[in-house]
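The lines below spell out each chain.
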Amino acid sequence: MSIEQHSRARQIELGQSLEGRHKIFLDMRFWIIARDTALGVRTEPAARKLLHHLRRGVTSCSLVCPISASMFLELLKQPYSPGRRIGTAQLIDELSLGVSIIPSRMVMGTEIHSFLLHAKGGAELYPMQELIWTKVAYVLGDTYPSLPELSPTEELAIQKSFFDHLWDCSLSDMVRTLGDNMPPSDSYAELSRLANDKNAEHRDELRSFAQTYDTELRGVVEVAGNVAADVIHQFAEKEAGRELSATPEERASSVNMCRNLLYDAFKKSKTKDTLRCLHISASIHAAMRWDKDRKFKPNDYYDFEHATAALGYCDAFLTEGSLRQLVTRPQVNLEAVNGCHVFSDVEKAADYIRQLSSIS
């Protein structure tokens, strides 16, 4: 078993262990509310009810509150103190059970793999809910040492041992290890400025939400084409039983073919369920552009990543009011993708969590 196969086996084992637990995704606003309540800073009844029902649900094995790469990166923006980053990490450890969704690009790749496998007549061995969960140490992707000076057997043994050690590492341990270092560089301020300038330049070209969605879909498919081409190359290597190389011309042709294939697939409504990441991302950006008075803000990009993970694979998404309004408006209706309920009101969220945590 290779290190990649070992990693996948641990993910599948984790996914299976989470079966029956409702997945509740909290954005940073709600993690802060819950953290401050746990620390006694907030005492209002609604916040106390919410934390109580989240804790009860996790303890009774009916809930889990996973995080994501975007949540981890947003956490690092908080000051390094017991009442901020450290306290948030400790509560996340308690309610997430150390569970994270795999990075968004990997989720998209897994969806595309499943889509293409079915297109060629194959069948996925495992459901998506058993393939997209990992532990917080791998929130940004798998990592293990490369030791070419050792024999393959020795290298694999060390890689597995290292992987398993990090698998059990808590978010609090990671935060303490990183310490009070500078947060990661954030390019979203420039990205939001460029997006707003481009939207202002082309705003008069938008005639309908459907047209705006189509434009955004073409944009996400542009990126996804490269991922799909990688998947098709993997299929070809597996069938050939050896490594294959493609010329630049062959690669470009494959990417272009994949882009056309993915775009055409969205002419069937069921594709929105299979390729959820692409649909949700295109929908959110289309909704932003169609609301011509709304401007992108740097933190929106974290929120959009949260929304894509939550709406695609969780049962409830607790977020701020503006994002809830964006994803639930009738033209968008992203709650319908996966039946995920979106809340911004703390009292309503607490009542819903109470219902879920009472289900055994």
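The numbering scheme is per chain: residues are counted from 1 as the chain's sequence reads. For a predicted model such as this one, the threshold for reporting local features is a pLDDT of at least 70, and the threshold for listing and counting side-chain atom pairs is 80 or more; totals across whole chains, interfaces and linings nevertheless cover every residue. Neither water nor hydrogens contribute to the side-chain values; these are computed over all heavy atoms in the structure.

## Overview of the overall build of the protein
Think of it this way: any DSSP run of H or I at least four residues long counts as a helix, any run of E at least two long counts as a strand, and we number them from the N terminus. What the protein contains, in helices and strands, is 17 helices and 6 strands. In the protein, which comprises 360 residues, the share counted as buried stands at 48%. Restricting the contact set of the protein to residue pairs at least 6 apart, pairs at least 24 apart contribute 80%. When the accessible surface of the protein is totalled, it reaches about 17,500 Å², and 52% of it is carbon and sulfur. Throughout this description, buried means an accessible area under 20% of the type-specific maximum (1.4 Å probe, protein chains only), exposed means over 50%, and partly exposed covers the range between. Any two residues whose heavy atoms approach within 4.5 Å are treated as being in contact. For the accessible areas, the method is Shrake-Rupley and the probe is 1.4 Å, while residue cover comes only from the protein chains on display.

## A word on the pattern of salt bridges
One speaks of a salt bridge when a side-chain nitrogen belonging to Lys or Arg is within 4 Å of a carboxyl oxygen belonging to Asp or Glu. Counted according to the given criterion, the structure contains 17 salt bridges. Linking glutamate 216 and arginine 289 is a salt bridge whose minimum nitrogen-to-oxygen distance equals 3.0 Å. In this pair, glutamate 216 is assigned in helix α10 (residues 209–240) and arginine 289 in helix α13 (residues 276–290), connecting sequence segments 73 residues apart. The shortest N-O distance in the salt bridge between arginine 251 and aspartate 230 comes to 2.9 Å. Pair noted here: arginine 251 is in helix α11 (residues 248–265) and aspartate 230 is in helix α10, with a separation of 21 residues, a long-range link. Each of Arg10, Glu13 and Asp164 takes part in a single network of salt bridges with overlapping partners.

## Re helix α6 (residues 104–119)
Each helix should span, by expectation, one fewer than its residue count multiplied by 1.5 Å. The first and last C-alpha atoms of α6 sit 22 Å apart over 16 residues, in line with the 22 Å expected at 1.5 Å per residue. For α6, the complete set of buried residues consists of Val107, Met108, Gly109, Thr110, Glu111, Ile112, Ser114, Phe115, Leu116 and Leu117. Against β3 (99–101), α10, α11, α12 (271–274), α13 and α14 (300–313) lie the buried residues of α6. Following α6 by one or two positions, glycine 121 adopts a phi angle in the positive range, close to 90°.

## Overview of the side chain of serine 68
Relative to the assigned elements, serine 68 resides in the loop between β2 (63–64) and α4 (69–75). For serine 68, a relative accessible area of 4% translates into the label buried. Contact partners of serine 68, with chain neighbours within four places excluded, come to Phe25, Ser100, Ile101, Val139 and His306.

## What to know about the side chain of threonine 212
Residue placement: threonine 212 occurs in helix α10. Its relative accessible area of 0% is what places threonine 212 among the buried residues. Those residues in contact with threonine 212 that lie beyond four places of it in its chain are Leu206, Ala286, Arg289 and Trp290.

## Notes on the nonpolar core
Note on soluble globular proteins: their nonpolar side chains tend to be buried together. Of all hydrophobic cores here, the largest spans 107 residues; its most connected members are Ile24, Trp31, Leu50, Ile112, Trp133, Leu171 and Leu318. Other than its neighbours up to four places away in sequence, tryptophan 133 contacts Gln11, Leu14, Gly15, Leu18, Lys23, Pro66, Val99, Ser100, Ile101, Ile102, Tyr313 and Cys314. In this description, a nonpolar core means a group of buried Ala, Val, Leu, Ile, Met, Phe, Trp, Tyr and Cys residues linked to one another through side-chain atoms lying within 4.5 Å.

## Comments concerning the pairing of strand β1 (residues 22–26)
Most of β1 is tucked away, with 4 of its 5 residues classed as buried. As defined by bridge partners, β1 adjoins β2 across 2 bridges and the pair is classed as parallel. For histidine 22, the partnering residue across the bridge sits in β2 and is leucine 63. Bridge analysis of β1 against strand β5 (residues 316–318) gives 3 bridges, and the strand direction is parallel. Residue pairing in the sheet places phenylalanine 25 in a bridge with phenylalanine 317 of β5. DSSP bridges decide pairing: two strands pair if at least two such bridges lie between them.

## Concerning the confidence of the model for the protein
Known as pLDDT, the predictor's confidence for each residue is given on a scale from 0 to 100. Taken as a whole, the protein shows an average pLDDT of 91; of its residues, 98% reach a score of 70 or greater. Averaged over each element, pLDDT in the protein is lowest for helix α9 (residues 188–202) (77) and highest for β5 (98).

## Some words on the sheet that holds β5
Here 4 strands make up an open sheet; going across it, the order is β2-β1-β5-β6 and the pairing parallel. Looking along the sheet, the strands with just one partner apiece sit at the ends: β2 and β6 (341–343). Bridging between β5 and β6 involves 3 bridges; their strand directions are parallel. Each bridged residue has a counterpart across the sheet, and for phenylalanine 317 the counterpart in β6 is valine 342.

## Here's the deal with the state of the cysteines
Criterion for a disulfide: a pair of cysteine sulfur atoms at a distance within 2.5 Å. For the structure on display, the rule yields 0 disulfides. Just so you know, cysteine 169 is unpaired, no disulfide at all, and the nearest cysteine sulfur is the one on cysteine 65, 20 Å from it. Of all cysteine sulfurs, the one in cysteine 340 lies closest to cysteine 314, which takes part in no disulfide; the gap is 6.4 Å.

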